[in-house]
Amino acid sequence: MVEPRIAVAVVTMGNRPAEVDALLESVAKQDLPPTRIVIVGNGCRLPEFAARLSLPGEVTTIDVDENLGCPGGRNVGLARLRAFGDVDVVVELDDDGLLVDADVLRRVRDLYAAQPRLGIVGFRIADEHGETQRRHVPRVGAGDPMQGGYVTGFLGGGHALSMAMLAETGTGRPSSSSRTRRPTSPGAPPTPAGASSTPPSCSSSTPRPRPPGTPSTTGSPPATAFGWSAAASRSR
């Protein structure tokens, strides 16, 4: 069994410095360290992350002068990973989420190793109480959110993409010129594309404390998956 090489990609606009730090610290705690971490500053200047947070793997920061929107920023990260050419799967994470368990990246690796034609693995989205809302289970009937199943869509907050799939299909994500808003979680304001004309500084701050044992919104273990071949694949 060939073990895929995993990268992590995060896009931030500089308005969630504490959450980005907390997310990257949860990546650093994974029992399978990623080969690469790419962080895109979408219309902002990024601080130093690698040494300060003891991040594993090769860490690359990219400052983008213009806010390209979430899809455009993620395209920048994917393009850099394609240029490196040394990873097989990229895990894209929203900058306000957490990988709650320490084995998420290892489980993603095992899924792709067992199913080479697997295209996308979507993560279960949980709130601060560990609950998954019905609207966050992207399949008819929903059922148990802890059980993986066939889907034709996935949640953007946390997911893994096969680089081999992207080489065949392309990213398919519009830039800010054709998409002005991105989906947001309840209570969060939509993000206008190109909102930052003067790049802010993505300065670091101390993450807000969380109650012991409570998970955050993004990055629970993978729950749904599908392949880009004719047959769909399960995550469990």
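See the structure shown above.
Residues numbered from 1 in each chain as written. Predicted model: local features only at pLDDT ≥ 70, side-chain atom pairs only at ≥ 80, totals over all residues. Heavy atoms only, no water.

Asker: Can you explain the overall build of the protein? Please cite residues and give values.
Answerer: On a plain count of helices and strands, the protein comes out with 5 helices and 8 strands. Helices and strands in the protein line up, N terminus first, as β-α-β-α-β-α-β-α-β-β-β-α-β. Total accessible area computed for the protein in this model is approximately 10800 Å², and 52% of it derives from carbon and sulfur atoms. (Helix = DSSP H or I, 4+ residues; strand = E, 2+ residues; numbered from the N terminus. Areas by Shrake-Rupley, 256 points an atom, 1.4 Å probe, with all protein chains shown as cover.)

Asker: I'd like to hear about the nonpolar core, residue by residue, with values.
Answerer: Ranked by internal contacts, the top residues of the largest apolar core, which has 28 residues, are Val8, Leu24, Phe49, Val91, Leu93, Val108 and Phe123. Counting only elements with at least two residues in this core, the list comes to strand E1 (6-12), helix H1 (17-28), strand E2 (36-42), strand E4 (89-93), helix H4 (104-114) and strand E5 (118-123). If you tally residues by element for this core, the top one is H4, at 5 residues. Contacts of Leu93, omitting those with residues within four sequence positions, involve Val8, Ala9, Val10, Val11, Leu23, Val27, Arg74, Leu99, Phe123, Gly157 and Gly158. Counting 16 residues, the second-largest nonpolar core is a separate cluster that includes Ala7, Val11, Val87 and Met163. (Core = buried A, V, L, I, M, F, W, Y, C linked by side-chain atoms within 4.5 Å. Buried < 20%, exposed > 50% of the residue type's maximum accessible area, 1.4 Å probe, protein only. Contact = heavy atoms within 4.5 Å.)

Asker: Break down the pairing of strand E7 (residues 158-162) for me, with residues and values.
Answerer: Judged by how many residues are buried, E7 sits mostly within the fold: 5 of 5 residues are covered. In E7, alternate side chains face the same way, and those of Gly158, Ala160 and Ser162 on one face and His159 and Leu161 on the other are all buried. Of the pairings in the sheet, the one linking E4 to E7 comprises 5 bridges and is antiparallel in character. In the strand pairing of E7, Val89 is matched with Ser162. In terms of strand pairing, E5 meets E7 through 3 bridges, oriented antiparallel. Looking across to E7, one finds that Gly122 is bridged to His159. (Pairing = 2+ DSSP bridges.)

These figures come from the coordinates and say nothing about function on their own.
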